[in-house]
Amino acid sequence: MLNRFTEDYLDALDAGDFRPVPKVSGRLASFDGLLMEAIGLNLPVGTVCQVGDRANGVEAEVIGFRNGRTLLMNLGGPAALLPQAPVRPIGEPGAAEVGKALLGRVVDGAGRPIDGLGAIRGAGAWPLAGRHQSPLDRGRVLQPLDVGVRAINGLLTIGKGQRIGIMAGSGVGKSVLLGMMVRAAKADVIVIGLIGERSREVADFLETKVAGQARAKSVVVAVPANHSPVLRIRGALRATAIAEAFRAEGKDVLLIMDSLTRVAHAGREIGLALGEPASARGYPPSAIAMLPNLIERAGTDVTSGGSITAIYTVLADGDDGNDPVVDSARSILDGHIVLSRTLAERAVYPAIDISKSVSRVMTDIAAPAHIQAARVLRRHLATYEENRDLVLMGAYRSGSDAEIDAAIAYHPAVMEFIRQDADAIVPLEDSVAELTGVFGDG
């Protein structure tokens, strides 16, 4: 009887095609608080590992190799690690949870929910690095997107599938302008990546700017400034992957990322830790080269009919418009909105510097009368700014130049058109009607 049971048991194991799988494990050889080196591991870049035991250990991601050692970047905080601590893989590289299950939820850079609403169930998967697309799979930007801000709707009209940057120094109103656009944007899904910002701003953004109906159709990826640089980059990749998955379903997605500069800062930290040479402003080449790979993933998909309209905030350190991140983003994006500290100091909000801002698709999505009225306003504003000092000093005599006289006469209307309260929403149709009504015959 026992022999028969043994034979049946062994036959069952053989029929199940059982193959033992070895447990991969290495040892920690070096750790300086951020960068780790492990020996005895052979894992692909992007693999998440557990360093030490689960009680006193920390998670880390494989970011490269050097002299036969595996380089990892700490994903958590400080840990009581000892030399020769075990290093074991716990996660496959490059996958993000996506789909309707994420709507209304807040996750961190690793995809873990942080809103206290429990686990996310029923989500799909999408590569963190995205899926390669041919340039011919990208459609043209032909339809305007209403963002509820009069100056943008009228003078810098945004289209569905456009990538645009909001560029300014610190404290000029980037987050407030983003909140205005989130509340009014006509999009099926809103994906918000809060990357490298203060923890207080994350809670404030959720409670004041993503509330009510907007919260129900939003997905928020929040990775504050005190998190690992790898997690900050993964947060930006995760937000973009979530947007791509919704676009593949044919939805119009609004992707907000605040801020692109913090993503570049994270890339700089990783690049310098790996020993890359620092170039302009201390940025290694990999940090700047990462931006096109991220930005180019947004746009219109001709196969599904969906679109990702991406709005990135770009911090101009020291209000320098030639900062490497600002300059690189400006060359890749389909337009940029520049916020002026001078206008903010004059209590003009949103402090949009119309003369330095541009939408590269406006001529494709706006009517001829709309475009002409916008050009008239820009001409009056440029003429006034060129002669502002003469007018304020009283050195200009009325009647000397017809264009200057017209610019002075229209200047109050120009400033009134740009100004808008933070809680006000001005639809696209009303913005165009007001613009053409005042400046249409100029």
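Reading the values: rules and limits
Residues numbered from 1 in each chain as written. Predicted model: local features only at pLDDT ≥ 70, side-chain atom pairs only at ≥ 80, totals over all residues. Heavy atoms only, no water. Helix = DSSP H or I, 4+ residues; strand = E, 2+ residues; numbered from the N terminus. Buried < 20%, exposed > 50% of the residue type's maximum accessible area, 1.4 Å probe, protein only. Areas by Shrake-Rupley, 256 points an atom, 1.4 Å probe, with all protein chains shown as cover. Lys, Arg positive; Asp, Glu negative; His and termini not counted. Charge placed at Lys NZ, Arg CZ, Asp CG, Glu CD. Arc of directions from axis to C-beta. Contact = heavy atoms within 4.5 Å. Core = buried A, V, L, I, M, F, W, Y, C linked by side-chain atoms within 4.5 Å. Phe/Tyr/Trp six-rings, centres within 6.5 Å; stacked < 30°, edge-to-face > 60°. Lys NZ or Arg CZ within 6 Å of the ring centre and 35° of its normal. Expected span 1.5 Å × (residues − 1). Polar contact = N/O pair within 3.5 Å; in protein donor to acceptor, adjacent residues only side chain to side chain. Pairing = 2+ DSSP bridges. Axes fitted to C-alpha atoms, helices over the stretch in contact; angles between N-to-C directions. Parallel < 35°, antiparallel > 145°, perpendicular 65-115°, else oblique. Left-handed = near helix turned anticlockwise from the far one by under 90°. Nonpolar A, V, L, I, M, F, W, Y, C, P; charged D, E, K, R; others polar.

I'd like a rundown of the overall build of the protein, residues and numbers included.
Within the protein, the regular secondary structure consists of 15 helices and 19 strands. Principal-axis analysis of the C-alpha atoms places the extent of the protein at approximately 115 × 45 × 40 Å. Residues counted as buried form 50% of the 442 residues belonging to the protein. Counting only carbon and sulfur atoms, one obtains 53% of the accessible surface of the protein, whose full area is about 20,500 Å². Averaging the locations of the 46 positively and 51 negatively charged side chains of the protein gives two centres separated by 2 Å.

So, helix 8 (residues 285-295): which residues are in play, and what are the values?
Within helix 8 the residues assigned to the buried category are Ala287, Met290, Leu291, Leu294 and Ile295. An end-on view of helix 8 places all buried positions within 115° of arc, on one side of the element. Looking at the buried positions of helix 8, the neighbouring elements they touch are strand 12 (163-168), helix 6 (229-248), strand 15 (252-258), helix 7 (260-273), strand 17 (307-315) and helix 9 (324-332).

Mind laying out the nonpolar core, listing which residues take part and the relevant values?
Within the largest apolar cluster, 55 residues are counted, with the highest numbers of intra-cluster contacts made by Val191, Ile242, Leu255, Met257, Leu260 and Tyr312. It is helix 6 that provides the largest number of residues to this core, a total of 10 residues. Not counting the four nearest positions on each side in its chain, Leu260 is found in contact with Leu291, Leu294, Ile295, Tyr312, Thr313, Val314 and Ala329. The next biggest cluster of nonpolar side chains, apart from the first, holds 54 residues, and it includes Ala344, Ile352, Ala373 and Met415.

So, the packing of aromatic side chains: which residues are in play, and what are the values?
Tallied over the full model, the rule gives one aromatic pair. For the ring pair Tyr410 and Phe439, a centre distance of 5.5 Å and an interplane angle of 35° mean the geometry is tilted. Of this pair, Tyr410 sits in helix 14 (residues 402-418) while Phe439 sits in helix 15 (residues 428-439), placing them 29 residues apart in sequence. Residue Phe439 is classed as buried on the basis of its relative accessible area, which comes to 1%. Sitting over the ring of Phe417, Arg150 keeps its end group 5.9 Å from the ring centre.

How would you sum up helix 12 (residues 368-386)? Please name residues and give values.
In this model helix 12 runs 27 Å from its N-terminal to its C-terminal C-alpha over 19 residues, within 8% of the 27 Å that 1.5 Å per residue would give. Of all the positions in helix 12, only His370, Ile371, Ala373, Ala374, Val376, Leu377, His380, Leu381, Thr383 and Tyr384 are classed as buried.

How would you sum up the side chain of Arg297? Please name residues and give values.
In this structure, Arg297 sits in the loop between helix 8 and strand 16 (299-300). Classification of Arg297 by relative accessible area gives buried; the value is 8%. Among the polar contacts listed, one links the side chain of Arg297 to the side chain of Glu244, at a separation of 2.8 Å. Dropping the residues within four chain positions of it, Arg297 is found in contact with Pro127, Leu128, Ala129, Gly130, Arg138, Leu237, Thr240, Ala241, Glu244, Arg247 and Ile308.

Quick rundown of the sheet that holds strand 2 (residues 35-39)? Include the residues and the values.
Backbone-to-backbone hydrogen bonds join strands into a sheet, with any given pair of strands oriented parallel or antiparallel. Taken in spatial order, the six strands of this closed barrel run 1-2-5-4-3-6, and their pairing is antiparallel. Strand-to-strand twist of the sheet, defined as the mean angle between neighbouring strand axes without regard to direction, takes the value 45°. Across two bridges, strand 1 (residues 26-31) lies against strand 6 (residues 86-91) in antiparallel orientation. Pairing of Arg27 across the sheet is with Pro86, part of strand 6.

Can you tell me about the packing of helix 7 against helix 8, naming the residues and giving the values?
Each pair of packed helices can be summarised by the angle the axes make with each other and by the distance between the axes. One can describe the packing of helix 7 onto helix 8 by two numbers: an axis separation of 8 Å at closest approach and a directional angle of 135°. Relative to helix 8, helix 7 is oriented oblique. Here the hand of the crossing between helix 7 and helix 8 comes out right-handed. Contact with helix 7, carried on its side by Leu260, Val263, Ala264, Gly267, Arg268 and Gly271, involves Ser286, Ala287, Met290, Leu291, Leu294 and Ile295 of helix 8 and no other residues of that element. Here the residues of the contact of helix 7 with helix 8 sort into eight nonpolar, three polar and one charged.

Any functional reading would require information beyond the geometric quantities listed.
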